[in-house]
Each structure stands twice: as C-alpha cells, then as structure tokens.
2 protein chains.
Amino acid sequence: MRNVRVGAAQLGPIQRAESRASVVKRMLALLEEAARRGCTLVVYPELALTTFFPRWHVEERAEFDVWFETAMPGPETAALFQRAAALGVAISFGYAEKTPAGEHFNTSILTDRKGAIIGKYRKIHLPGHVEFDPARTHQHLEKRYFLPGDLGFPVFHAQDGLIGMCICNDRRWPETYRVMGLQGVEMVILGFNTPSVNSQKAAEGLEERMFHHRLSLQAGAYQNATWVVAVAKAGVEDGHHLMGGTLICDPEGHIVAELPGEDDGLLVHDCDLDATRFGKETIFDFKRHRRIEHYGRITAQVGVETPPQSA
Amino acid sequence: MRNVRVGAAQLGPIQRAESRASVVKRMLALLEEAARRGCTLVVYPELALTTFFPRWHVEERAEFDVWFETAMPGPETAALFQRAAALGVAISFGYAEKTPAGEHFNTSILTDRKGAIIGKYRKIHLPGHVEFDPARTHQHLEKRYFLPGDLGFPVFHAQDGLIGMCICNDRRWPETYRVMGLQGVEMVILGFNTPSVNSQKAAEGLEERMFHHRLSLQAGAYQNATWVVAVAKAGVEDGHHLMGGTLICDPEGHIVAELPGEDDGLLVHDCDLDATRFGKETIFDFKRHRRIEHYGRITAQVGVETPPQSA
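Residues numbered from 1 in each chain as written. Chains lettered and ligands numbered in written order. Predicted model: local features only at pLDDT ≥ 70, side-chain atom pairs only at ≥ 80, totals over all residues. Heavy atoms only, no water.

**Student:** Please set out the packing of helix H1 (residues 20-36) of chain B against helix H2 (residues 78-87) of chain B residue by residue, giving values where relevant.
**Tutor:** All names here are of chain B. Here H1 crosses H2 at 5 degrees, and the two axes come no closer than 10 Å. With respect to H2, the element H1 is oriented roughly parallel. Residues Val-24, Met-27, Leu-28, Leu-31, Glu-32 and Ala-35 of H1 form the contact with H2, whose own contacting residues are Ala-79, Leu-80, Arg-83, Ala-84 and Leu-87. Its residues placed into classes, the contact of H1 with H2 shows nine nonpolar, no polar and two charged. (Axes fitted to C-alpha atoms, helices over the stretch in contact; angles between N-to-C directions. Helix = DSSP H or I, 4+ residues; strand = E, 2+ residues; numbered from the N terminus. Parallel < 35°, antiparallel > 145°, perpendicular 65-115°, else oblique. Contact = heavy atoms within 4.5 Å. Nonpolar A, V, L, I, M, F, W, Y, C, P; charged D, E, K, R; others polar.)

In structure tokens form, the structure reads like this:
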C-alpha cells in the first residue's frame, strides 16, 4: 500500500476586485486544514490566483497582463510555498503564466513536500475562441489569451508514485489520460473553472454539464487505471456562475468522494496508489492489448476525414 | 433530421449443442419483429451464430474450426440475408471467420438494405490469453483462437450517414471510438459476449461489470459525439453466465434505451444522426481543438514507459 492522503482544495469565487494577497490567504487557510487532517498533497484549481478572466473580451493584450504571473513563486505566492514547506505538504495549483519571452500559458505546477517545484504543465486543450463572438451567451476567450501548452503531458515521480497534471477542458479528451497512462500515471490531478452555462447551448443546464464532467473523469480513471483528483473554482464570479464538482475517482472509475457546494472547502481522501495495479496488469495491460498499428489517425490527422463515398 | 430506426437484437444464450439453423431461426424472428416496427437497421451481437467458445481450452486447433464460417453468407446464413433484403432491412452481426488462407478472426459485417455486405470489421482488441491459465476462474482464450483484426476501424457510408463497427472488448478502449470519430462516425454499432464474472477477480460482481460497460460506451459516445448501439449475447451458456446490457447511447453520452433481461429481445430506438452535429461542431470540433503534436506516445509506444527517476 502506497497511500497518498490528498486534499482537493476547492476555491469559491474570486471576484475581479479581489487581491492576490486575499486569495493566497484563503489558500493558506485550506492548507492549514489539510495539514491538520494529515494530507501530504493539496490540489487547488485552475487559475487559482485570479478570477476566470477569459470571460472578458479586451482589445488590448497588455490590459490583462495584470492577471499573469512572471515568477513562481512570486511576491504574493511565496508565503504559500514557505508555509507548505514548513508543514511538509506538497501543493499543486494553476495560474496564468507569462514567460520571460512574453508567451502566455494556462499553467499548473506541482511541488515536493519541501516546497520545490518538481513539475510544470501548460494547458494543451484550450477551449473557446479567439475573437469576440456575439452568438454566445458569454465569451470564452482562452484561445485569445493563452498559447496551447508546449510541455506535453509529463508524469512526475512524486508522493512515492507517478503523478500527472492536466487542466479543465483537457479532462474531456481521452488523449490526455492516455498519454499519461502510457507513462504509468497513478494519479492525475487537475483544476477547472467551468461555466455552469454552455455559451453555445444555454438550455443545456447545470445537471448536464456535471454529467459530462463526471463521465470524462470516470472514463479517464477507469481506462488508465489511475486515480483522478478534480478541483473546482466554483460559484458566482462577477455575475458569472462556475459549477462545483470537486471530486475524486478511484482507478476503477468510481467517484469515491465529492465536495458539495461552491465555497472554499477541502475534500480529503486516502488514495492507495497500489489500487491502480489490478487494472494496469489485467484488462488495461497496454503492452499485451494495445494495437498501435490501427491507431495511426490519432496522431496523423487533426480533424475529421470522412471516407470516400465509394467506400 | 436523418433518422435511423435501429433495432438492437439481443440474443439469449446459445448452447454448445444448438445448431446454426436454430440460431438463424431466432435471428429471423427478431428480424421480422424489427421490420414490423419499422427498423431500417438490425444489430445482432458478437459471435451471433455460436456459443462463446473461447471459454474452452482445446489443444487441437482443428477441433474448433467447427465454430468458424468460411463463407458469408454461408449455407446456414443465406436465409437471413435473403429475408433482410426482402424486408429492406440492413443487418449487422458478428461471427467467427476463417479466411481462405486459414486465418481466424472475430468478425462482424454490415449490409445495406438490399442484403449486400458493405462493411467488414475484424476485432482488434482481443482480451484474454493464449495458453490455459489455471489461476483464472474460467478461461478466456480469444488470443488463442483469433488473430488481431487487420482492417483497422473503418467507417462506412450507410443509412444516409456514417457507421462504424467494433466488437466487445474494443468498447473499453478510447482509441476505438477516436479512430472512428476522426472519420466522422455518427453511429458505432457493436456486439458483445461479456462474462458476468471477471476471470481474474471473481469478487468483482455483475454490477461493477455493468458499470464499466456503460461507462466505456457513454464516454465513447460523448467524446466523439456519436450514437453507440451495443448488443449483448446474454444468459447462461453451458453453465457460463454472460451479462446483458443491450443499450443505446445518444451523442451526448446518455443511455436513452436499455433492454432488460437476458433473453432474445429487440430494443428499438430512433437515432437522429443530425444530433451528432452539435458536439462535433463545438466542444469536440477536432480540427480546432486537437493537438496531435502532444499525442505521440499513443501511436509510438505500445506499453508503459515510466519517466526516469531524475525527471
């Protein structure tokens, strides 16, 4: 048994006017609780330091560099790393990253239990669009504000196991889990900011949104025999509702813990990484069962190519 | 609206002693019912003509060529094709195929509404093992009795839409659906013979088996915005229990129809192929969102390659 007691640290809404210092204080409160409850890893959501700003269309790029971090740890986040190190708790959270070269990414990091960053991931599946879209109920401009991640889906030795990261919309794509599964991932951690309204289908409804969220996580867990820890930023940010749904899936695909509500809150679960063994060694023993000679389209083509009519 | 009224024609158990003629008679009865109810397509299970023989270990290959078809249609199945053509109903079913070259495959075919075979698929993800395994509660020797399919996952123009096939264990693999999704598939049809007992985890139980079955189908449907029609051979064959679970998923991943029981039975549902458009044009618009430069492992490696310790 290789147990990881993980704390899924949901954040309630972060208003546009809220300062980084205030957010970090909220994150510290959850960290303290997690330490008291024996967690060795705390996972916070995507864009944990700010409101979900891609909902706003801004003409001038520079106007929203205010949401981006140029250093990690930075002036406002250093306290979080220091306290995590003092408590011996590893942390993972998402933030908007601006590189020295001026590139913008939707990023997450993972530390060891001494507060050192041991892993970084940059969101690959950016949803939404680049230009203002009047047909939508609200804007979702991630393709405007971020570049697609350039680090692949790396898996890291951490917590005496193998941990990988993805972010929000990545969780809907089976490729995400499979690329990590092929590196032996035992726990996928991810944060999300998911509007409770589908901007292109307002009638869809929250229940349906939550169904797709759970379905994607559960299938990714089962089909790769991995734990999945998904952490929401939830609630109403400046009038825009983000859904909750912070939860943990076991390697058989079952939701074993779920946090109700849309406020700051901590979901704690003991995850035995050895529980991934059965699936990885039987039905999803990739080396015995996968047939890559028939998967070529997955990496050879981006979009759909329908068969010729004569086929 | 492009409606396909599909009939998912579940078969109850086929005992070892039951003749092909008897099985075809049962299939014909379901075909007549389907025609009466207005179906344009009837889908039967995997290995629809015989018992699920891979549960038996036989030393001599030749001994079980009795289960294999060397022609399709063949002497016993011709009546099925003829009646389907007369009724104007397309059919799809699975069978054990022996080629002129002596190769053995777990195969399914799809006809048009005139009884002509327009599509063939050979099962790619063969579960189980090659040699007798005393550690199992029962044998599952598909890897002994069949070669892995050599036709890929083709998608066919049929029923005014795009239809693909897979078989049984293929449904647990996201690659299966994705390769078809990349060809614009609008309906995936499949049959299965799934033991209700996991031969390597007897305590797993039927409920858990059914959960994994549904989860895999639902995720494949949602993540590729396609209908999925899954048809069981069910019930107790010579003392071995196969689970039911004949069902239809819509392109949002919901189970919209499910057949109770483990006997011969027909599940009829109207499937609007245009209901696949929303998913294919928004969240799963592959050409806008997929990032194949990060999927390389999926086709470059078969098994797991864990990261180096220094990573």
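**Student:** Could you give an account of the sheet that holds strand E8 (residues 187-192) of chain A, with specific residues and numbers?
**Tutor:** Residues and elements named next belong to chain A. Strand order in this open sheet of six strands is E6-E7-E8-E9-E12-E13, and the pairing throughout is mixed. The open sheet has two edge strands, strand E6 (155-158) and strand E13 (255-258), and neither has a second partner. Within this sheet the neighbouring strands show an average axis-to-axis angle of 20 degrees, counted without direction. Sheet topology places E6 next to strand E7 (residues 161-167); four bridges connect them, and they run antiparallel. In the sheet register, Ala-158 faces E7, and the bridge partner there is Gly-161. With respect to the sheet, helix H4 (residues 174-181) is in contact with E6, E7, E8 and strand E9 (227-232), its orientation differing from that of E7 by roughly 160 degrees. Packed on one face of the sheet, helix H5 (residues 206-224) meets E8, E9, strand E12 (247-249) and E13 and runs near 30 degrees to E12. (Pairing = 2+ DSSP bridges.)

**Student:** Any chance you could break down the pairing of E13(A) for me, citing the residues and the numbers?
**Tutor:** Residues in a regular strand point their side chains to alternate faces of the sheet. All names here are of chain A. Looking at chain direction, E12 and E13 are connected through three bridges and run antiparallel. Bridge pairing in E13 links Leu-247 to Glu-258. The hairpin formed by E12 and E13 contains five residues between the paired strands, and Gly-253 there has a positive phi angle of roughly 95 degrees.

**Student:** Tell me about the sheet that holds strand E9 (residues 227-232) of chain B, and please be specific about residues and values.
**Tutor:** All names here are of chain B. Pairing within the open sheet is mixed, and its six strands lie in the order E6-E7-E8-E9-E12-E13. Bordering the open sheet on either side are strand E6 (155-158) and strand E13 (255-258), each of which pairs with just one other strand. Averaged over all pairs of adjacent strands, the angle between strand axes in this sheet comes to 20 degrees, irrespective of strand direction. Here strand E7 (residues 161-167) runs beside strand E8 (residues 187-192); their pairing, made up of five bridges, is parallel. Of the residues in E8, the one forming a bridge with Ile-167 is Gly-191.

**Student:** Explain the relation of the copies chain B and chain A residue by residue, including any values.
**Tutor:** Mapping chain B onto chain A leaves a residual RMSD of 0.0 Å; the transformation is a rotation of 180 degrees accompanied by 0.0 Å of translation along its axis. This pairing of chains is accounted for by a two-fold axis. Comparing interface residues between copies, 100% of those in chain B also lie at the interface in chain A; the contact surface is shared. (Least-squares fit on C-alpha atoms with pLDDT ≥ 70 in both.)

**Student:** Any details on helix H1 (residues 20-36) of chain A? Residues and values, ideally.
**Tutor:** All names here are of chain A. For H1, with 17 residues, the first-to-last C-alpha span of 24 Å sits near the 24 Å given by 1.5 Å per residue. Every buried residue belonging to H1 is among Arg-20, Val-23, Val-24, Arg-26, Met-27, Leu-30, Leu-31 and Ala-34, and all of these are buried. Viewed along the axis of H1, the buried residues span an arc of 155 degrees, placing them on a single side of the element. Exposed side chains of H1 directed beyond 90 degrees from the buried face belong to Ala-21, Lys-25 and Arg-36. Residues of H1 that are buried sit in contact with strand E1 (3-10), strand E2 (41-43), helix H2 (78-87), strand E3 (90-98) and strand E14 (265-272). Where H1 terminates, the next one or two residues include Gly-38, which has phi positive at roughly 90 degrees. (Expected span 1.5 Å × (residues − 1). Buried < 20%, exposed > 50% of the residue type's maximum accessible area, 1.4 Å probe, protein only. Arc of directions from axis to C-beta.)

**Student:** Tell me about the packing of aromatic side chains, and please be specific about residues and values.
**Tutor:** Working definition: an aromatic ring pair is given by the centre-to-centre distance plus the angle between the planes. Inspection of the entire model under this criterion finds 30 aromatic pairs over all chains. Following the ring pairs from residue to residue traces out a cluster consisting of Phe53(A), Trp56(A), Phe64(A), Trp67(A), Phe68(A), Tyr145(A) and Phe146(A). The ring centre of Trp56(B) lies 4.2 Å from the NZ or CZ of Arg16(B), which sits over that ring. Over the ring of Trp56(B) we find Arg55(B); its NZ or CZ atom is 5.2 Å from the centre of that ring. (Phe/Tyr/Trp six-rings, centres within 6.5 Å; stacked < 30°, edge-to-face > 60°. Lys NZ or Arg CZ within 6 Å of the ring centre and 35° of its normal.)

Function-wise, these values are silent; they only describe arrangement.
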